[in-house]
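So the chains spell out like this:
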Amino acid sequence: MSDTTYEGGIADTRARQQDTPVHLPNSTPRPEGELERLKQVWRAPRGFHFLSAVNNNYVGVWYVGAALLFFVLAGALALIIRTQLAQPEFRLIGHDLYNQLFTMHGTIMMFLFAVPMVEAMGVYLLPNMQAARDLPFPRLSAYAFWAYFIGGTAFFTSLFFGLAPNGGWFMYPPLTSYKYSPGINADFWLLGIGFIEISAIAGAIEIIVGILKTRAPGQSLDKLPIYSWAMLIFALMIVFAFPAIITATLLLEIERAFHWPFFIAEQGGDPLLWQHLFWFFGHPEVYVIFLPAAGMVSMMVPTMAQTPLSGYRLVVLAIIATGFLSFGLWVHHMFTTGLPTLSLNFFSAASMAVAIPSGIQVFAWISTIASGKLQMRTPTYFLLGFLFIFVLGGLTGVMVAVVPFDWQAHDTYFVVAHFHYVLIGGMVFPIFAAFYYWAPTASSRPLSETLGKWVFWLMFIGVNVTFFTMHITGLMGMPRRTYTYIAEMGWGTLNMISTLGSYMIGLGVLIFLVDLAKNFRPFRGENAGNVWNAGTLEWLPSENYQTRSIPIITSREPIWDQPNLAEDVKAGRYFLPGAQTGGRETIITSPIDARPQYILQLPGPSWPTVLAALFTACFFLGLTIKLYIPALVCGILAIAFVIWWLWGSDPGPAVDPEIDVGGGLVLPTYMTGSMSHSWWAMIVLILVTGTVFACLIFSYFFLWTVNPDIWPRSGEALPWFGWPIGAALLYVASSALIWFAGRRLSHVPERSSWPTRIALILAVPLILGAVSLEVLGQLSTEVRPTDSGYGAVVYMLSSFQGFFVTVLSVMALYTVARSLTGRLNRVRRSTFDNTHLFWHYGVAQGLVALVVVHIFPRLLG
Amino acid sequence: MRRSRFLAASLSCLTAAIGSISAASAQPSAILDRALMWIQSTMVTYGPSAGAIETLSWIMFIGGTLIFLLVLGLTAFAMFARPERRRWMTNRTFIISLGIVFPVVTLTALLIYGLILNRTIVTGEPPALRIEVVGERWWWRVHYVDAEGEIRLVSANEIRIPTGRPIEFVLKTQDVIHSFWVPSLAGKLDMIPGDVNVTRFSADRPGIYRGQCAEYCGEQHALMAFYVVAMPQAEFDAWYAVEAGPALEPTIPFIARGRELFIENGCGACHTVRGTPADGVIGPDLTHIGSRLSIAAGTYPNNIGTLAGWISSAQHLKPDNLMPSFGNLQGEELRAIAAYLESLK
């Protein structure tokens, strides 16, 4: 590279070196042993310990592999389903197994394949695309992966015991409540999926902070790869959508276990509450799956056409618009429930509007193809196949958004055809394109072009044969979720065609697996390199440590626009050419313009993380099969391992508190407050819990609008006002103590740590007391949670707050322990800051709950 | 709907061409002409509500096909046209006009059409008849109710209506969520616990229209169908008069023996046969079961053979339904009960 001096500096730090000019390139050749040290620090553990690896290049590939495994398994279930339906009144499998199979097929495809797959690709690709050495919380992604993989496998095996859920992937009560589903099949769904959603949220937090905070210097938002944009919106959508399903599963599991009647109409619950919560998650879910895939397409099309993406800004706007709009159309899954016409019209309009951002992206891709010269390689085939299938699925999507048409098409095979077109077109084909496209970054050999085309044609023809036919089957009146049909209905031939098509898809996937077995060779420390002549950073020469040095970016396609970039990066002419802090590290940058802020010291291989995931999975599994004592033991072990894992985080400044990362750029090695990556993660976690809480508040008001009669009319049925006043005072007092602890911490170590410790310890009984007063107040009335929807939701709010306050207490005591062991002071205070933020949030949440529960009914008079 | 007859015929040709039913093109003439009995198609419609949706469907299918071809054509052009001829596709105007302006215009038009259609389907003249349908796992309880909501007539799995006049259906459920759907006459509407949904539609002409549960409701969701039988008003009135009366008295000893066995075997614990001691309410009312088209909720044709088979092996034919298999009944006894039921016209 030519000598460049960045006058006025490029850093964004609090320290004085902010304006120091930066001069690149670094001198070469680099000092002896620098590269060896870098390699040594990032070396994967050997042998059995390989499983404790946390680096995204390993975890990402495992994660993708596990998601692929579930895709194949759920696909196999689909083939059994299709065989059963190939002929009318066929008796291959009984209704009981059939109902389990279609439930498992949908559930696994959505929760164990689609969401984990796009998240896995993000874990693998994002640091590569942003030239970061890893995501900011490598152990969190490892935890998310292991929890998902172990939990998912246990969930799948329920099929072999005839215990698999059979209430449909949408699990509508009352069919799935204790009266009509007394077995533990439904519990497998509720606990299994609830748990896997938690893993998805963990991944989303990781991805948000990763995209915002670990980028190549200079990779400002307007130069961010479209894929990163898509993943940012994807992860934010998870943050706001998944809490709804977590709330819903929590309520239904409590209804099943303790008979709190949230969804039982006779007792003042409402089955429609489930549908609202489920689809408030369920519709964004579709875009949660589609956006990352669309983001991948926006990366692949420019490479295959050898030209930058047309309409970059329009595409970014389209992605953001999709994120917003997708939260406003969940009711289009409920057009046949008899809702008022006005709300049907609103949601119909919103459902159509969401087609526009997809249209923008489709025409941006076509425009890109027109601008360049499309190379007809295997990824291109899948991309064109995607365009064909997805556009067709989008058009039928507009049709079902028209309310009267939906009255006919809803819950028929027309809808089955529609969403398979959308999901296979919108997600599976882009993912297969991505497998062929990005395999050379992970594997020492690319996948086979010849086999790839076989895979494509079998899948493409198979999908159209299977699912186009289903449009007609549906229009001819065949409902979904039926294990058989009468011969006279005349649906036999169409079903046979669909079944034959599905075998073609199966054959295509099988050939893909052969291709993988023959050619995919990951973890060899080398890769096939930039085989497509792509322009983005994941194609820089890389190894386990990612790139040798971290470049400054001045373009959206730096490899195309910055001459010699690959050679300079590889020669270590940019930032962080070695392991400067002595361990794993990466550069944290500012969220908008990606200016370097500090060096994040990253953790290496970790067994406690894997064990924490294992015992979390065992805890949920134990609850499901009603082995409560082992479940409790596993739960305690899980918490113990999480604490062990966390104990190593918040390391404080490195031996050298400030480090020259190259070119005269000096960065601190530790940061607290709003620049810190952990502060951002805590904010996202608060958004998640806030959404869960908002869903509970929604449930409270929803049940009130449905059954206002069961709400207490006067103060008499409510607890005496003194109870909530007392609780509120204790909440506020605990917050004040935490605030005081923070003030005093600013003077440690000059002054004693004891006031901080004592304030933290005292805050615990106060906040526990606050929640106890609330519960005692409720118990002082006649109302019990099993009485009515009102009782259930009121006690639910207190229970949720009780859980929350328990977590806060553990956090406070953990913080005290950090202080007692000398790990907490004025500088090294991230642990305290997190507790502090979460505490105030928890108190605010408790106060809102008190207002809703105690003041709202009194306002009703 | 007359306007769409041509289109319906073309769909029939399409479906026939791919080896599917050819019965769709048959024209029903008389009331018990069973040509339509196995048609459950949204595209072969005999009522204004379903007809309007059928027209909408064709407009959208044709429009959708044209848009699809446009997108494919543009993609092919972008790939294969000479670079100078496809330059117009490379700028923002192309993306904005096709990605924003075009969908906004077409979708707005479609939305307005949908809203208008929605209104015409939902509102209408006052109903000629109110029928309450209660979803059960896995059959349909049918109540003809008067203006005060009093039940005047109880039946099951078959709804007879007069033609040409709107009928109000009051939809409820006894247990889980079901969905009431007769594609040839109207779209579906769910039956939700704690809720009462009301829909109105009519049949243009006499005929037998098949319906089926459209919301997954457990083990035997697949076998939960029913019939709507539309008849001219006079015929309907005559049917109603008979249907409202008690069960026919047996006239021959074999059938009288069947009635005795029916009572002795405790069938009356679950079933009602008005005019006999059988007054159970768990299962379908059987007072006039002999006149119905099907048994087991649209699953088997109704004749003495299927009735006998159902009584002896209900759990084999439709597992997990509430009716036990009366395997103890053999030969003559079984035939006698079946003959008795068949005689209940």
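1. Quick notes on the pairing of strand E1 (residues 129-136) of chain B
All names here are of chain B.
Piece 1. Bridge count between E1 and strand E5 (residues 167-173): 7 bridges; the pairing is parallel. Counted as the bridge partner of Val133 is Leu171 from E5.
Piece 2. Judged from the 7 bridges that link them, E1 and strand E2 (residues 139-145) form a sheet pairing that is antiparallel. Paired with Arg130 across the two strands is Val145, which belongs to E2.

2. Notes on the interface of chain B and chain A
Piece 1. Facing 68 residues of chain B, the contacting portion of chain A comprises 66 residues.
Piece 2. Elements with a contribution of two residues or more to the side of chain B that touches chain A: helix H2 (48-80), helix H3 (92-122) and strand E7 (189-191) of chain B.
Piece 3. Per element, the largest residue contribution to the side of chain B that touches chain A is 17 residues, and it comes from H3 of chain B.
Piece 4. Partitioned by chemical class, the residues of the side of chain B that touches chain A number 39 nonpolar, 21 polar and 8 charged.

3. Some thoughts on the sheet that holds strand E3 (residues 151-156) of chain B
All names here are of chain B.
Piece 1. On the basis of which strands lie adjacent, the open sheet formed by 5 strands has the order E3-E2-E1-E5-E8 and mixed pairing. Edge positions in the open sheet fall to E3 and strand E8 (197-201), since each of these has one partner strand only. Going across the sheet, the axis of each strand differs from the next one's by a mean of 25 degrees, ignoring polarity.
Piece 2. The pairing of E2 with E3 spans 5 bridges and is antiparallel. From the neighbouring strand, Tyr144 faces E3, where its bridge partner is Leu153.

4. A few points about the environment of Thr806 of chain A
Piece 1. Here Thr806 of chain A lies in helix H23 (residues 789-820).
Piece 2. Spatially, the C-alpha atom of Thr806 of chain A lies 39 Å from that of Tyr227 of chain A, the residues being 579 residues apart in sequence.

5. Examining the packing of helix H22 (residues 754-779) of chain A against H23 of chain A
All names here are of chain A.
Piece 1. Contact pair H22 / H23: the axes reach a minimum separation of 9 Å and the direction vectors enclose 170 degrees. Looking at the two axes, H22 sits roughly antiparallel to H23.
Piece 2. Across the contact of H22 with H23, the residue classes break down as 15 nonpolar, 8 polar and 2 charged.

Criteria and cut-off values
- Residues numbered from 1 in each chain as written.
- Chains lettered and ligands numbered in written order.
- Predicted model: local features only at pLDDT ≥ 70, side-chain atom pairs only at ≥ 80, totals over all residues.
- Pairing = 2+ DSSP bridges.
- Helix = DSSP H or I, 4+ residues; strand = E, 2+ residues; numbered from the N terminus.
- Contact = placed C-beta atoms within 7 Å.
- Nonpolar A, V, L, I, M, F, W, Y, C, P; charged D, E, K, R; others polar.
- Axes fitted to C-alpha atoms, helices over the stretch in contact; angles between N-to-C directions.
- Parallel < 35°, antiparallel > 145°, perpendicular 65-115°, else oblique.

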